Every structure is written in structure tokens, then in C-alpha cells.
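What follows is the residue order along each chain.
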Protein chains: 4
Amino acid sequence: MSLDLDAIYRDLHRHPELSFQEHRTAGIVAEALRGLGYTVTEGIGRTGVTGVIERGEGPTVLLRADMDGLPVREATGLDYASTATGVDPDGAEVPVMHACGHDVHVTCLLGAAEALAADASWQGTLVVLFQPAEEWGGGAEAMLADGLYERVPRPDVVLGQHVAPLPAGLVALQPGPAMAGADSLTITMHGTGGHGSRPETTVDPVYLAASTAVRLQGIVSREIAAGDAAVVTVGQLHAGTKNNIIPPEAKLGLSVRTFDEHVRERVLAAIERIARAEAAASAAPREPEFAYEERFPVTVNDRAASARTAAALRTAFGAERVLEPGAVSGSEDVGVLATAADAPLVYWFLGGADPALFGAGLAEGRLPEHLPSNHSPEFAPLPQPTLTVGVAALVTAAKEWLD
Amino acid sequence: MSLDLDAIYRDLHRHPELSFQEHRTAGIVAEALRGLGYTVTEGIGRTGVTGVIERGEGPTVLLRADMDGLPVREATGLDYASTATGVDPDGAEVPVMHACGHDVHVTCLLGAAEALAADASWQGTLVVLFQPAEEWGGGAEAMLADGLYERVPRPDVVLGQHVAPLPAGLVALQPGPAMAGADSLTITMHGTGGHGSRPETTVDPVYLAASTAVRLQGIVSREIAAGDAAVVTVGQLHAGTKNNIIPPEAKLGLSVRTFDEHVRERVLAAIERIARAEAAASAAPREPEFAYEERFPVTVNDRAASARTAAALRTAFGAERVLEPGAVSGSEDVGVLATAADAPLVYWFLGGADPALFGAGLAEGRLPEHLPSNHSPEFAPLPQPTLTVGVAALVTAAKEWLD
Amino acid sequence: MSLDLDAIYRDLHRHPELSFQEHRTAGIVAEALRGLGYTVTEGIGRTGVTGVIERGEGPTVLLRADMDGLPVREATGLDYASTATGVDPDGAEVPVMHACGHDVHVTCLLGAAEALAADASWQGTLVVLFQPAEEWGGGAEAMLADGLYERVPRPDVVLGQHVAPLPAGLVALQPGPAMAGADSLTITMHGTGGHGSRPETTVDPVYLAASTAVRLQGIVSREIAAGDAAVVTVGQLHAGTKNNIIPPEAKLGLSVRTFDEHVRERVLAAIERIARAEAAASAAPREPEFAYEERFPVTVNDRAASARTAAALRTAFGAERVLEPGAVSGSEDVGVLATAADAPLVYWFLGGADPALFGAGLAEGRLPEHLPSNHSPEFAPLPQPTLTVGVAALVTAAKEWLD
Amino acid sequence: MSLDLDAIYRDLHRHPELSFQEHRTAGIVAEALRGLGYTVTEGIGRTGVTGVIERGEGPTVLLRADMDGLPVREATGLDYASTATGVDPDGAEVPVMHACGHDVHVTCLLGAAEALAADASWQGTLVVLFQPAEEWGGGAEAMLADGLYERVPRPDVVLGQHVAPLPAGLVALQPGPAMAGADSLTITMHGTGGHGSRPETTVDPVYLAASTAVRLQGIVSREIAAGDAAVVTVGQLHAGTKNNIIPPEAKLGLSVRTFDEHVRERVLAAIERIARAEAAASAAPREPEFAYEERFPVTVNDRAASARTAAALRTAFGAERVLEPGAVSGSEDVGVLATAADAPLVYWFLGGADPALFGAGLAEGRLPEHLPSNHSPEFAPLPQPTLTVGVAALVTAAKEWLD
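Residues numbered from 1 in each chain as written. Chains lettered and ligands numbered in written order. Predicted model: local features only at pLDDT ≥ 70, side-chain atom pairs only at ≥ 80, totals over all residues. Heavy atoms only, no water.

> Looking at this model, I keep getting lost on the overall build of chain A. Mind explaining?
Scanning chain A from terminus to terminus reveals eleven helices and 18 strands. In terms of its C-alpha atoms, chain A occupies a principal-axis envelope of roughly 75 × 45 × 40 Å. Of the contacts formed within chain A by residues at least 6 apart in sequence, a portion of 82% connects residues at least 24 apart. Both charge centroids of chain A, one from 28 positive and one from 52 negative side chains, sit 4 Å from each other. (Helix = DSSP H or I, 4+ residues; strand = E, 2+ residues; numbered from the N terminus. Contact = heavy atoms within 4.5 Å. Lys, Arg positive; Asp, Glu negative; His and termini not counted. Charge placed at Lys NZ, Arg CZ, Asp CG, Glu CD.)

In C-alpha cells, the structure reads:
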């Protein structure tokens, strides 16, 4: 009996689920792990799943995958494209897509779980962990809050990977700060509603919100040193119900990335300062409100553990297939699993893009301009060799740490 | 038997219905008219209702009221405030409110219908018309397309009124161009979606749409002469599903008001020019799309008919209670009922605001700064003397034209 | 002996002088008036000139022309184009051009002075007044402050004209409010200077000033009713000395037009509010400063005197050549000469544009789109019939008021 | 006889000269070098000066300082502050200040020239070079074009330093890319001028330029990866001559910093794209013009030569006083002197700020927030120990390379 990873991948891709709603995915995972002989726990942090194999003395290694999809309408044209929908936190029905590749993560970890279960050469404890709700944050925290490390052995090292628009066949591991810290916040800006034909009787919150979204660009362009990295994205802007009504308020949804606490504080303070000032410029009836939502810490790979793992990967794949990519502006909550265990983290990127898209630019570290990135409606990792390499990377890394 | 107008008004206010969904309202209207002896036709233009009384030779006078509410969440605090919801054209459930006072219009016209039915002093034909879907436009057109003037006599004059934030007790009639022409359009701006942390791999449509909303302000401020009037309102801006996803597109919903076809063409051309240029500034993958929705013509009161009607109103109310307010930037589709009949239109405003809110400024033609205007969630006409004056104005005007 | 008005016009056009520097122009005027037999006073309000003829009993009529040019580099391509320069109030040498047509005004008034001196049919007192510094304001005030009405007889009516982009051959007289009130102000916005490569160590006043100039557009587009007229122009924006230095401050020069004191106050308050808020958005080290410079009142033509004068002009030119143009957004200080004398003002526009440029649009009140307006570097009135009609209009109007 | 460096520094600071106008400075330098026994050449590249000492066999070492000041009005309050003025490339008289510390560079190099002339322990050839016009670029190129390396021996290494807002007493040397490449360009945006009261007859270039300056912020904030560094500064914006005239054009002066040719090309293309699109948004009568002015290449320190020099500096000052600062966004043309000689470059920063301003933040690599940076009107290096350390650093580095 052997898992058909390609089929699993296509099935998961076709059936994405939003954060904390990964019931179908969790069920597939749990059933597969039981079939492979793992001791399975379900429902940790609502929809999280773990599988454990204990083989006497030796280190405890945790391999982590995340399971949730995103509210994106798939536009890949794949024959296994998603047409699924889900209900977002506001209660709206939205299209759902594995636009971030968590289906790759789940599939590879199932493949690694199978390979490691079948591999008699190691000793110690293996924990495979399938986490909910990485996208909306809170999934790792939810598993910890739900007693994760009382329910599975506390790991000596936390390992994981994320598929990325690098050429399939490669892995990339950055020691030290590897992924940005992220803050998500929603700004509610208040105006005074009225008739669209009589703006002079209103305070127009659409104009106010648009001005704010424009003025926020100056934070990164004017207030952060060229050598410091920061991203301020307004991912959502919603205002109004009808063209001829000036609504009473507007909402901006922001995602902020930084690599340094000083820069983070500077950016968040600037966001609030600008939003307040724009409200004053519009003579808004009251100050904007700032709701801070999920926060991801900077993802920091332990330098010693990264060196050890990277060496094992280079041995397995050849040095030319193991890159050091620099820090990236994406964010992750995998780090909280390591921090809570006081264990080193090693988290790498798994190439998932068609190598043919990369020309000479790759040698210079340039990505192709037209490569759909994670979260794009056209994000479509190449199933192979991505899945095979992803399984091998997890197995290699895990065995490096198991006795 | 007599209609209790205050009770009818409160009931209608509590139960507003969106455009073309005025089933309950139409039912109440039809039942009342039948009780008053009118020949009633229902379902003209989906939910429109007419009542006719013919009394031999004489002119045909059409009195018109509109029936629909708006997708606004009422915030008046009135004990008869609406908590109703409806389904908007996109299929979303939205709160509904009589934020434009059509409940006043319906109530007054029922009152006038009662008074005129009971009044033996006139001769000719009276048509009372309750129109659907003024807010989303199309209601008057729909009744015409549904054979209105084959189903009721073609009028010799079209009369109607709109409640406005003038002091209750007054009416205001502007000869000539009295209300603006209106165009509603939706602009879809295309970007390239992706991860919120990697804007450089995307074309951010939120920033594009915000920049466009800001740049559109320059049309009225820079491109239209001070002596020409125009309004360009972005009443809706919607983009994005999640803070950390840069979405693939954004939508702006615009309402445009003008009083002159040359100005209108200049404004609409400038909107398209600016949206296209902003897309180019963002290196958008394709041009924005412009969907033109309802269009209201300029509402023009026939000068001779207005003079005759105003004289009658002055006689009834006293000259000091009949204002000439200047053209206003609101819009109406009542004019198409007159144009289709080749009949003069006389359409006036009915004061609905607490006179105590107006100080010395009224003499100078100034409205109080804090008066909630039509379409505001706080729009709350004073029921009395508004209803009584509104009934009297309709009766006075109708009798001026009937023999 | 007769004045060669075409030659005088070309000479004046070729030699424009800035406000309060009209020495050459004033000299030409004074010499010509003396030659015509006027009692001449020079140097009233620095460079103002008056000429008086008294012929016994009868009304006193004041005809006014303004003399100054503008700091504009002429781009008309005329063979009599200006290449003159002058020194502006900041001490900078700037090109100078009669871009507002004051050379037409001076020439026409000299022609009228000649005709009226030669015309034995009238009785009373004629004052011809050549005013300095209309453009920078203050010229009329300066003449009054310098004892104008102790040095020449106080007029019973003040008459004058302004060349405008209407077809040559026409005049246009608007009773009541005819030209806008104007306010000129300079906003100094403070940043913190530094190296262009390190904006994060600065507060960039160029970005601050640009954001403010953009945000100010929202005043006219969002805060003023469609039926009210206002113009907010940023005519100057100056910041910086070198591309790689972020300067410590930026200056915006604004010109504001309104027709109503309430609107004026609302606009000026909004300008200050927005500038302060934008400074706050940039975390500016201190608040902006607002320096209010010249102010022109609304130019109001006395209704009775306008009716009388218009009737005379219609008799002289034919009714079809005397328009009622509506109020215009340009401004004038001629009104203070009338107000100080407690005399009615009648101030009309003189067509100066090639009638061939106007097609059918004129009948609809439309100007040609490509007509260079006053203050444009391409403003070039057609000398004839403009000068002849301008002389005739002044003579006709003056004789209407003289016995 | 000994040079009084503090007096020289104060004198140079009080008498700054603009690029290619460094006649007084060059005269002081030449006279001092002659007094020290150097073979002096003046007027290389207009105002450049070299001094040479040849002592038989051995390497040739070039020490470089730049001499020019900036068009900044000094606001340090120092008793030796500048009140000098100069004439800028546009012919305008402007205040001048040593706001970039080139007076420190000249003084230190004179001190090093004196010490090395008096030091008998070395052999080889020493070239001290005082370059004009670093600020406006072109100074190093001008010296090369004027036959520099035919007039002085071609160096085996080029050494130099720049004072920086680091604590006085420290030096900082970054191997590899150390300073950004810089491009300076001027964008001329065309509108259509006219009267400030009639914007509808114009295309307002002030609004156009302001919109462009705002929209350019999106390049760094949206189009450049967080891990790539770029700066786009609008250091100048000039438009208009009078508040009530809408001018025909506006000029933006930009300074761009990048560390990578791909990023540079992306930024420059985006600037042109945005400016063209904004012109289209305004319906500008023609496309903007882009004038590219000075360009500085990325300043790249030779890694081997940097390691050798840094080791010598650590020996001289102690390792804790020799930092590795990371690349900075400032730019330099010193690199072209090395490139033309095919010699390695070693260029370091010299701390010039009061160490008391730095608290615990220095250990974290944080600069004090309130430290005036280079090009600020308040830039005021502490003369001591800056000058003494600057002389010692040059002497130490030179002797490391001389035999």
C-alpha cells in the first residue's frame, strides 16, 4: 500500500478550505496517518491534527505543514482547479483557493510521514503536525493554547517548508531572520453620510479612505531607510453600498511587514499618524479606529541548526540545488511552535515553479517577471518534481536530527 | 372613513422596500385607492400602481409619488425606525431605510387622493401614480415601457413633489432646470493579484483605485468653470478579500451630476481619461472597464406651468411660504413621465425639517450646517406639518389644473 | 492732430511694466492727456495718472483703465510681442507681458479721452483715471490712500471695461455681482532638510507640499455645493535648490475666487485645515504659516446704473452686440473706486477675440475650447475692431451719464 | 612650521564655494602643499589640485578629498557659520554652505599631507588629490578628461574618506558595494497656462506636478522588493510666477538611489511611465521631458584592499573603533578615479558627530533620531576629535600601501 501523492495533491487542490474550517483536509490527513501506523490526535486547536511515532531513546523531531486555503477565486485554468466556496469571518460566502500552496505542504508531509514510517534506520520520536489557520494567523497559537505539548512530545527541533516561486527541484534555506514579521490591522474611517449629489453636506469617507491609502505610500518611500525593509499593503478597501449615496464610513485592511522591532514600531506609528491626520484633513466627525488583528513574529532560523540541516540537504541534493535566498517579506507562524518548545527552528523554501521560466536571470538571483506569486489567483506550482523533492527534503532533514 | 396619514407614514417608514421590490407598499396603496373609489391598476412596470377618477370633460392631471427605499442602515433613533433588510442587485442582503423620504411622498399622495375623491368641485380626469424604482432609476421608464399611457389617460400636466431639508411648512418651486441630470457608472480597474508582502510582483489595484478616486477630484476643481455646476461622487469603492492578499481588481461606483449636456460630456470624458491614465501609471495589465448604469435627465420644470402652479400655491399658503430655491444637484426620473406624454412638468420641494433648526441664515438662503440630508442614515422628516402641507400642495396644484 | 491708437497699442504691448513700475506707460498717458487739454495729475498712488475736464454744471463721470502687465513670458509670436523684463516683489528679474490686456484698456481710454475732449455736446466733469497695480492688487487702494478724491472731483458714477475672450465687436455687461472676490495667500510648509538619499532622516516638504496641493482639490469638489461657485488655484509651488537635497521648506501660492462671503469663509477655513492636517500627516516639525496678501472684493455692478448704461450701449451697437454674460470668476479692484466715492459702478467686458474662432457654440454661450484666456502666454486680443469698439463703448457710456 | 588644522577648518567652513567655483579653496590648498614640499599642479578639471611626492621605488598611493559646498543656507548657529553666496548653474545667486563636510575632507587631507611629508619611513609615490564638483557630479570625470593620469602618476590604490553622522572617534569601512549609485534627472511637465480664476481653460501643471510627485512614492512602496534598496527623492519642484496665473509648465528635480542595475532600470522606467501617465490624466498638451543629469556609479570597495586597509585601521585605532556599516544610500564619484586607473578603491566613513548624542542605540546600530544628516542646514561635525582621527586614518591607510 502506498499513498498516491499526485492524486492526493490534486484532490486537496480541488477542495481548499478556509482557516479553522479544514475539516475535510484534517479528516484525510488523520485517516492516512492512521493507515501508516501513527498515533493520531485530531481537533487540536479546532482542526489541527498530529501523528506520532515513538521509537525508544533519541531526539524528538517535529515536522509541520499548514492546511488552510485563501479567499481567492482560482484563475489557473488547471483541470483540478478549485470551484469551492467558504464562509469568511464576516459571514460572507467567498471563493476559496489553495493560492499559497498549503496543499503542497500537506501532500509532502504525508509523503514524508509514509517514508519515515517505513524507514527502520532511525530512532527517537517523530511528530508530524498539520496546522490549521496559518493564513489568518492564530493556528499555531490555537494548537499551543489547546495543550499541544501536553498531547504530543515536546520537540528538540521544529522543521518545515513552504513552496515558493523558485525553480522546482531546488530548496532554499536562509539562516537567521528568514521571513518578515507581519501585522494585520483594520482602520475604520468615519465620515458623515448623505446624498451623492450633495457632498458639501457630508464628510466623504470614500475620498478620505482613498487619500489615506495614497498617503500611506509615503511611509515606505520616505520614512524607512533604504537599507531597512518594510512593506505596507492596503489589501482591502471597502466603502459604500450605492453609487449615489455617500456612506458614513470606510474600512481599510492593512498588512505590514518588517524585520526589526524598531522599524515595525516606526511603521505602525506612522500609519496611525497618517490616518488621523487624513481624518483631520477631511474634518471627519471622529477619529479613525485601529483594530489590530493577527500578528506574526519574524521567522528566525536557528543558525547552528540551519547550518546542520543545510549540510544534510546539500549532501542529498547537491550543493547547487540548495540556495541561501536572503530574507523574504512573507510571514509565517511556524516560529511560535519552536519558541513555545524552546527548540531551534529550521524552515526552508521549496521550489515549485517551472524551471523553464527561469533564464539566465536565476544566476543573478532574478525571478522571472511574469511568475505568479503566492496568493495570486494564478499561483500554480508544478506538481512534479515539486512533491518528490519536498518529500525528500523533509525526510532528509528529519533523519539528520533523528538518531 | 378617513385615512390615518400619520399611522400610514409611520408604517411605511418602518417597512421600506428596495427598488422594484415595493410589493407591500404597492399593496397598501392599491387597497387604499380602491377604498377611495379609484380605478386601480397594479403591476405596471413590475410594482407600479395607478388610480384613476374620470369626471367628464376636462384636463387630465397626473400626480406622481415614488415608493422605494435605499440600502442604508437607519440611524435616526426614531421609535418607528426601520430594521428592514432587502436583497440588492448583487444578491447581498442589506439594511433598507426610507432615507430619501419616499414614504412622505406616498403618504401625501394617498392623502391628496382621498381629498380629491371627496371634492366635488372639479371636473376632468385625475391620475394618481405610485412609481417604483426611482432610486436605482428605471422605474418611470419601466412603467412607460409597460404601456402606462395605454393603460391610463395621457396627462395634460405632470405634478409631483419631493421632501427636502427645508423648513416644514414651506414649498419651493424652481422654474426651468430644477434638478440635475445624473449618470451612474461603475469602473472596474484591473491589477495583478499576489501576496501582500510582495507588491513588486503585482500591480496593486487598491492603490490604483485609491489614486484614481483622488485624481477624479480634479475634474470638478480644475476642469469645470466656476459658473457651471457638476458633482462627481465615488459612492462605492470595493477591493480585496483579505489584508494580506493584493487582489486582482477594484471597483469604483460613481454618481455624476450635471445641468448641461456639454458639461456632462466633458465630465464623463474626463472620468474615462483619468481612469485610463491612472491604470497606465500603475502599469495595469489592461484598461479599466466602464459600465454605465441608470441615467436621469435634467429635471426641467415648464416655465409657464410652473408660474401658474406657483401662483396657486402662493394663494393657498401665502407668498412667504413658496420659495424659488435655485437648481439643486439631486436628480429625478419624474421628468420622463412628462416628456413621454409631451406634457409640462411641475415638480416642487416640500419642506420637511424642523423650522427651529433654521436661524437667521434662512433669510440668506443658508441651510443649517448640521441638518441630515436626504440619503443620510439620520434623515428624519418631521411628520407634521410636513404631511398636511404636502397633501395641501398636491390638492392645490391639481385643482389649479382641473376644471 | 489725432492719436494713432493702433500704434499706441502696439507700443504699449511691446513695453509692458509690472505693478507700480508703470513709469513709461504713465509718462505716455500724461503727455497724451496734456496734449488733449486735460488737467493732469501724475504720481497718485505711486504711478497713477488722472486727467480732468470740467465744463460747468453737471454730473462727474470717472472712466478708469488699469496699466500694469504680468510676469509672463510672451508666446504669442506677434511682431509686436514683448521681450521686456522687470523685477518682481522678491527681487527676481522676470519676463513681463501684457497678458491681461491692460494695454487695450489704456489705449481705449486714451481714444475715449480724445473723442470726449473734442465733443462739445456734453456738460459736467470728466475724470479719466489710469490706475497702477491692478494685478497685484492695491493699485486702486493706493490711489485712494494718496488722496485721490481730494485731488480730482468725486465721481457720480464709475465706468470701466475689461477686454475678454469674447468675439471682438461685442460688449457684455452683467448687472449685480459680475466678478468674483479674490484672495491671494502663501502657505509656507515646514519640513526638516537633509540628504536626498536619506529621506528617513528628514521630513520631506516637497512631498508634503505636493500632497497638500492634491488634497486642496477636494475643497471645490467635495465641500462646496454645485450651485455655489468657488475656485482654488495653486498658482505657484516652489521648493528646493538641488535634486539631491531635501529642502527645509516649501511654499504654495494660492488664488481663491468666491462670490459669497459664507463660501469664502468656508473655503479659506478648509485651506488652513487641510494644510495643517497634511503637515501633521508628515510629522512636520511645525505648523504651516499662512500669509494673506491682496484681497479683491466681489465686483458688483449697480443694477439701476447697469440697466441705464446697457440701454445706451444697445442703442449705440445694436441689442445683439450687448450680452449679459453671467458672473465670471475673474476679479478686479475697480469696485473700491466706486465704493470709496459712494457711487454706482458699471464695469463691462469688451470682446477681443477673433469672431471666426466662434462657431455655432456662441449662440449656446460656449467659448471655443482653444481660445487663449487672459493670463495665458498666448493671450492676443485682435486690435481691430477691439480698439474702435472699446473707445465707442467708453464714449457712449460716459455721454449717457454726462448732461 | 605646522598647519593649524582647526583654523583651516573654520576658515574653509566660513567660505564654502559651489562646484567648479572652488578657486579660493584650491588656492589655499595649493599654497599649503607647496609649503610642504609637494610638486603641485593646479587647474586640473577647472579647479582641481594635486600634490605629488616621489621617493624612489614603491607603490603609488592616491589620497583624495573633495572641495565643494552646497546651495544651502546654513542654520547651525556656529560662530564660524557661512554667510557666503554663489551663483548656481541657472545663474541665480544662492546661499552656500559646507553642508556635506567637504571642508573636513580638505582639512584632513592637508593634515595627512603634512604628516606624510614629514614622515621619512615610507617609500614610493604619494599623490594627494583635491577634487572639485563632487556635489554636482562631474568633478572626478573632469579631472580625468583633463589628463589627470598623464599629469600625475597612475595610482596602485585610491584611498579616501567621507565624514558621516557616526560618533566622532570612529571609522567605518564597508567592503564591496558601499554607497549607492545615483541618477539625477529633471522632468519638465507641460500644461496650458491661463488665468488662475479659470482653470477650466487651462491644463494646470502645478496640480499635474503635485500629482506626479505624490504618485512617484508608489515606486519604492509598491514596485521594489522589500529586500532591494532604492530611494526616489523629488528634491525640487518649481512652478509658477504669481498666485493668480496658472503657469504653462512645472519642473521636478529628482535624485534616485539604487544599488543594482536591474533595480535602477526598473525605477527609472517607472518614473517615466508615471510622469507620462499623469500628463495623460491631466490631458497635457504634450508629453513630459526627461533631462538626465549627473550619474554616480555604485561605489564599490575592493574586498581584498578593504580587508587590508581595515586591518591597518584596527591596529591603529582598536578594533572597536572600526565599524562595518553596511551599504549607505549616499553616492560618490570617487570610484571613477579608481576605475580609470584600474586600481582598487578603499573609501571609508569618518565619524563626525558628538558621541554623547548616541546612547545604547549605537550598539544596535541605531542612529539618534535628531542627528542632522549631511545636506541638512544644521549639519555640524564636531571639529575634534574628527579632524585628528581623519588625519590619522589617511596616514595609516596610506602607509599601509606605501612601502
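> In this structure, what is going on with the sheet that holds strand S3 (residues 60-66) of chain B? I would like to understand it.
Adjacent strands of a sheet form backbone hydrogen bonds with each other and so pair up, either parallel or antiparallel. All names here are of chain B. Across the sheet, which stays open at both edges, the eight strands sit in the order S1-S2-S6-S3-S7-S18-S8-S17 with mixed pairing between neighbours. Looking at strand neighbours, the two that pair on one side only are strand S1 (39-44) and strand S17 (322-323), the edges of this open sheet. Bridge count between strand S8 (residues 171-172) and S17: two bridges; the pairing is parallel. Bridging from a neighbouring strand, alanine 172 pairs with leucine 323 of S17. Each of strand S2 (48-55), S3, strand S6 (124-131), strand S7 (157-167) and strand S18 (345-353) is contacted by helix H3 (residues 102-117), which is oriented at about 150° to S3, the strand it contacts most. Strands in contact with helix H10 (residues 334-341) are S3, S6, S7 and S18; relative to S18, the strand with the most contacts, it is inclined by about 160°. (Pairing = 2+ DSSP bridges. Axes fitted to C-alpha atoms, helices over the stretch in contact; angles between N-to-C directions.)

> Is there a simple way to explain the relation of the copies chain C and chain D in this structure?
The two chain copies are connected by a rotation around an axis plus a translation along it. Superposing chain C onto chain D requires a rotation of 180° together with a translation of 0.0 Å along the rotation axis, leaving an RMSD of 0.1 Å. What the superposition gives is, in effect, a two-fold axis relating one chain to the other. When the interface residues of chain C are mapped onto chain D, 100% of them again fall at the interface, so both copies present the same face. (Least-squares fit on C-alpha atoms with pLDDT ≥ 70 in both.)

> Which parts of the structure should I look at to understand the domain arrangement of chain A?
It is common to report an interface's size as the accessible area lost on association of the parts. Residue and element names in this part refer to chain A. Entries for chain A in the domain assignment read domain 1 (5-179 + 298-401) and domain 2 (181-295). Measuring from the centre of the C-alpha atoms in domain 1 to the corresponding centre in domain 2 gives 33 Å. Listed by partner, the interface residues are ten residues for domain 1 and seven residues for domain 2. Summing both sides of the interface, domain 1 and domain 2 together bury roughly 620 Å²; the carbon and sulfur share of this comes to 62%. (Domains from an automatic or database assignment. Buried area = accessible area lost by both parts, 1.4 Å probe.)

> Looking at this structure, I do not really get the packing of helix H6 (residues 205-215) of chain B against helix H8 (residues 261-281) of chain B. What am I missing?
Residues and elements named next belong to chain B. Following both chains from N to C, one finds H6 and H8 inclined at 140°, their axes separated by 9 Å at the closest point. Here H6 and H8 pass one another in a crossing that is right-handed. Contact with H6, carried on its side by Leu208, Ser211, Thr212 and Arg215, involves Ile274, Ala275, Glu278 and Ala279 of H8 and no other residues of that element. Residue composition of the contact of H6 with H8, by class: four nonpolar, two polar and two charged. (Left-handed = near helix turned anticlockwise from the far one by under 90°. Nonpolar A, V, L, I, M, F, W, Y, C, P; charged D, E, K, R; others polar.)

> Would you explain the sheet that holds strand S1 (residues 39-44) of chain D in this entry?
All names here are of chain D. Strand order in the open sheet formed by eight strands is S1-S2-S6-S3-S7-S18-S8-S17, and the pairing between neighbours is mixed. With one partner strand each, in any of the chains shown, S1 and strand S17 (322-323) form the two edges of the open sheet. As defined by bridge partners, strand S8 (residues 171-172) adjoins strand S18 (residues 345-353) across two bridges and the pair is classed as antiparallel. Along S18, the bridge assignment pairs alanine 172 with phenylalanine 349. In the packing of helix H9 (residues 303-317) onto the sheet, the strands contacted are S8, S17 and S18, and the crossing angle to S18 comes to about 35°.

> Looking at this structure, how should I read the nonpolar core?
In globular proteins that are soluble, nonpolar side chains generally tend to be buried together. Counting 130 residues, the largest nonpolar core has Ile271(A), Ile271(B), Ile271(C) and Ile271(D) as its most contacted members. Not counting the four nearest positions on each side in its chain, Ile271(A) is found in contact with Leu185(A), Ile187(A), Leu216(A), Ile219(A), Val232(A), Leu254(A), Val256(A) and Phe290(A). (Core = buried A, V, L, I, M, F, W, Y, C linked by side-chain atoms within 4.5 Å. Buried < 20%, exposed > 50% of the residue type's maximum accessible area, 1.4 Å probe, protein only.)

> Quick question: what am I supposed to make of the state of the cysteines here?
One covalent bond between the sulfur atoms of two cysteine residues makes up a disulfide. Residues and elements named next belong to chain D. The tally for this structure, following the rule as stated, stands at zero disulfides over all chains. The thiol sulfur of cysteine 100 is not disulfide-bonded, and the nearest other cysteine sulfur, from cysteine 108, lies at 14 Å. Judged by its relative accessible area of 5%, cysteine 100 falls in the buried class. (Disulfide = S-S within 2.5 Å.)

> Mind showing me how you'd approach the packing of aromatic side chains here?
The relative placement of two aromatic rings is captured by the distance of their centres and the angle of their planes. Residues and elements named next belong to chain C. Following the criterion strictly, the structure yields four aromatic pairs over all chains and no others. Judged by centre distance (6.0 Å) and plane angle (65°), the ring pair of tyrosine 9 and tyrosine 80 falls under edge-to-face. On the criterion of sequence distance, the pair formed by tyrosine 9 in helix H1 (residues 5-14) and tyrosine 80 in the loop between strand S3 (60-66) and strand S4 (85-87) is long-range, its members being 71 residues apart. Just as tyrosine 9 is buried, tyrosine 80 falls in that class too. The ring of tryptophan 122 is capped by arginine 55, whose NZ or CZ atom sits 3.9 Å from the centre of that ring. (Phe/Tyr/Trp six-rings, centres within 6.5 Å; stacked < 30°, edge-to-face > 60°. Lys NZ or Arg CZ within 6 Å of the ring centre and 35° of its normal.)

> Please clarify how the interface of chain C and chain D should be interpreted in this entry.
Every contact between the two is made by 56 residues of chain C and, on the other side, 56 residues of chain D. Carbon and sulfur atoms make up 55% of the surface buried where chain C meets chain D, a total of about 4500 Å² over both sides. Applying the counting rule to chain C against chain D returns 33 residue pairs in polar contact (both at pLDDT 80 or more). When contributions to the side of chain C that touches chain D are tallied by element, the ones reaching two or more residues are strand S10 (181-190), strand S11 (194-195), helix H6 (205-215), strand S12 (230-239), strand S13 (245-246), strand S14 (249-258) and strand S15 (289-296) of chain C. When residues of the side of chain C that touches chain D are assigned to their parent elements, the largest contribution, eight residues, is made by S12(C). Tallied by class, the residues present in the side of chain C that touches chain D amount to 23 nonpolar, 26 polar and seven charged. Pairing of S12(C) with strand S12 (residues 230-239) of chain D, which is carried by three bridges, proceeds in the antiparallel orientation. Bridged to Leu237(C) within S12(D) is Ala239(D). (Polar contact = N/O pair within 3.5 Å; in protein donor to acceptor, adjacent residues only side chain to side chain.)

> Before we go on, may I ask you to explain the confidence of the model for chain A in this structure?
Detailed reading of the predicted coordinates is not advisable wherever pLDDT falls low. The share of residues in chain A with pLDDT of 70 or more is 97%, and the mean pLDDT across the chain is 93. Across the assembled chains, the prediction reports ipTM 0.79 with pTM 0.82. (pLDDT = per-residue confidence, 0-100.)

> Mind showing me how you'd approach the UniProt feature "binding site: Mn(2+)" (unreviewed entry) in chain A here?
The UniProt record annotates "binding site: Mn(2+)" (unreviewed entry) at Cys100(A), His102(A), Glu135(A), His162(A) and His375(A). Sequence-wise these annotated residues cover 276 residues; spatially they are packed, their C-alpha atoms never more than 13.0 Å apart. As for its placement among the helices and strands, His162(A) is situated in strand S7 (residues 157-167). If we ignore the near neighbours within four places in the chain, the residues touching His162(A) are Cys100(A), His102(A), His105(A), Glu332(A), Tyr347(A), Trp348(A), Phe349(A), Leu350(A) and Asn374(A). Considering the arrangement of structural elements, one finds His375(A) in the loop between strand S18 (345-353) and helix H11 (383-401). Discounting residues that sit within four places of it in the chain, His375(A) has contacts with Leu70(A), Val72(A), Ala99(A), Cys100(A), Glu135(A), Gly194(B), His195(B), Asn244(B) and Ile245(B). Side chain to side chain, His375(A) and His195(B) meet in a polar contact 3.4 Å long. (UniProt positions renumbered as here; feature names shortened; annotations may be inferred.)

> Just to check I follow, could you spell out the side chain of Ser282(A) for this structure?
Looking at the secondary structure, you find Ser282(A) in the loop between helix H8 (261-281) and strand S15 (289-296). Ser282(A) sits in the buried class, given a relative accessible area of 10%. A distance of 3.0 Å separates a polar atom in the side chain of Ser282(A) from a polar atom in the side chain of Arg215(C). Discounting residues that sit within four places of it in the chain, Ser282(A) has contacts with Val203(A), Leu208(A), Arg215(C) and Arg273(C).

> I would appreciate a short explanation of the pairing of S10(C) in the present structure.
Side chains on a regular strand alternate between the two faces of the sheet. Residue and element names in this part refer to chain C. Most of S10 is tucked away: ten of the ten residues are buried. Covered by surrounding structure in S10 are Gly181, Asp183, Leu185, Ile187 and Met189 together with Ala182, Ser184, Thr186, Thr188 and His190, the residues of both alternating faces. In this sheet, S15 lies alongside S10 in antiparallel orientation, the contact comprising six bridges. Paired with leucine 185 across the strands is tyrosine 292, a residue of S15.

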